[in-house]
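Coordinate analysis (summary)
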Amino acid sequence: QVRLMESGGASVQAGGSLRLSCVASGRGISDSTMGWYRQATGKQRELVATILRGGGTNYADSIKGRFTISRDNAENTVYLQMNSLKPEDTGVYYCSLRTPLYSTYWGQGTQVTVSS
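Residues numbered from 1 in each chain as written. Predicted model: local features only at pLDDT ≥ 70, side-chain atom pairs only at ≥ 80, totals over all residues. Heavy atoms only, no water.

1. Quick look at the pattern of salt bridges
What the rule picks out here adds up to five salt bridges. Residue D31 pairs with R27 through a salt bridge whose shortest N-O separation is 3.0 Å. Given a relative accessible area of 24%, R27 falls into the partly exposed group. Note that D61 is salt-bridged to K64, the shortest N-O span being 3.2 Å. Note on D61: relative accessible area 66%, which makes it exposed. Within this structure, R38, E46, R66 and D89 form a network of salt bridges that share partners. (Salt bridge = Lys/Arg side-chain N within 4 Å of Asp/Glu carboxyl O. Buried < 20%, exposed > 50% of the residue type's maximum accessible area, 1.4 Å probe, protein only.)

See below:
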């Protein structure tokens, strides 16, 4: 069974930084597209960033230049480095894994709260 476990969420002040981690178990991630999504209270879940198995990345316009997604296939882990955090970055951040056959798995989420 595939499981994704996020960690690293916290409460920080605006301008601060956090690094989220997501560890996968049950299968390797090297052939998969990994992603980070977030959901603010009362809003729909939205894409933050994705990283392809070849390392190509895609970012939401709202976080370009501030967030960086990376992966360590040997550790079965994907990261999200978040700098210059803003209050509007507040939400639950979810890790996703999409296999080559388009099965998608989700973690339980980690809370990020940014205060002004």
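The rest of the description comes next.
2. Considerations on the state of the cysteines
As enumerated under the stated definition, the model contains one disulfide in all. Shown here is the disulfide that connects C22 with C95, its sulfur atoms set 2.1 Å apart. Taking the sign of the S-S torsion, -80° for the link of C22 and C95, the bridge is left-handed. With a gap of 73 residues between them, C22 in strand β3 (residues 18-25) and C95 in strand β9 (residues 91-98) connect regions that are remote in the sequence. (Disulfide = S-S within 2.5 Å. Helix = DSSP H or I, 4+ residues; strand = E, 2+ residues; numbered from the N terminus.)

3. Here's the deal with the environment of T57
Summarising the element assignment, T57 is placed in strand β6 (residues 57-59). Along the chain, T57 and S70 lie 13 residues apart, while their C-alpha atoms are 8.5 Å from each other. In contact with T57, not counting residues within four places along its chain, are T50, I51 and I69. (Contact = heavy atoms within 4.5 Å.)

4. A short note on the sheet that holds strand β8 (residues 77-82)
Strand order in the open sheet formed by four strands is β1-β3-β8-β7, with antiparallel pairing between adjacent strands. The sheet is open, and its two borders are formed by β1 (3-7) and β7 (67-72), each paired with just one other strand. When strand polarity is set aside, the average angle formed by the axes of neighbouring strands in this sheet is 15°. Relative to β3, β1 is paired through five bridges, and the arrangement is antiparallel. Across the sheet, the residue bridging to S7 is S21, located in β3. (Pairing = 2+ DSSP bridges. Axes fitted to C-alpha atoms, helices over the stretch in contact; angles between N-to-C directions.)

5. Observations regarding the side chain of R66
For R66, the location among the structural elements is in the loop between β6 and β7. Take R66: its relative accessible area is 11%, and that puts it in the buried class. Within polar-contact distance, the side chain of R66 engages the backbone oxygen of S62 at 3.0 Å. When sequence neighbours within four positions are dropped, the list of residues in contact with R66 reads Q81, M82, N83, S84, L85, K86 and D89. (Polar contact = N/O pair within 3.5 Å; in protein donor to acceptor, adjacent residues only side chain to side chain.)

6. Observations regarding the pairing of β9
Among the eight residues of β9, six are classified as buried, and the element is accordingly described as predominantly covered. Where strand β4 (residues 33-39) and β9 come together, seven bridges link them in antiparallel fashion. Within β9, the position partnered with Q39 by the bridge is V92. Two elements, β9 and strand β11 (residues 110-115), share three bridges in a ladder whose sense is antiparallel. Looking at β11, one finds that G91 is bridged to V112. Alignment of β9 against strand β10 (residues 104-106), held across three bridges, turns out to be antiparallel. Bridge pairing in β10 places S96 opposite W106. The turn joining β9 and β10, which pair antiparallel and follow one another in sequence, is formed by five residues; a positive phi near 70° is taken by Y102.

None of the figures reported here should be taken as evidence of function without further support.
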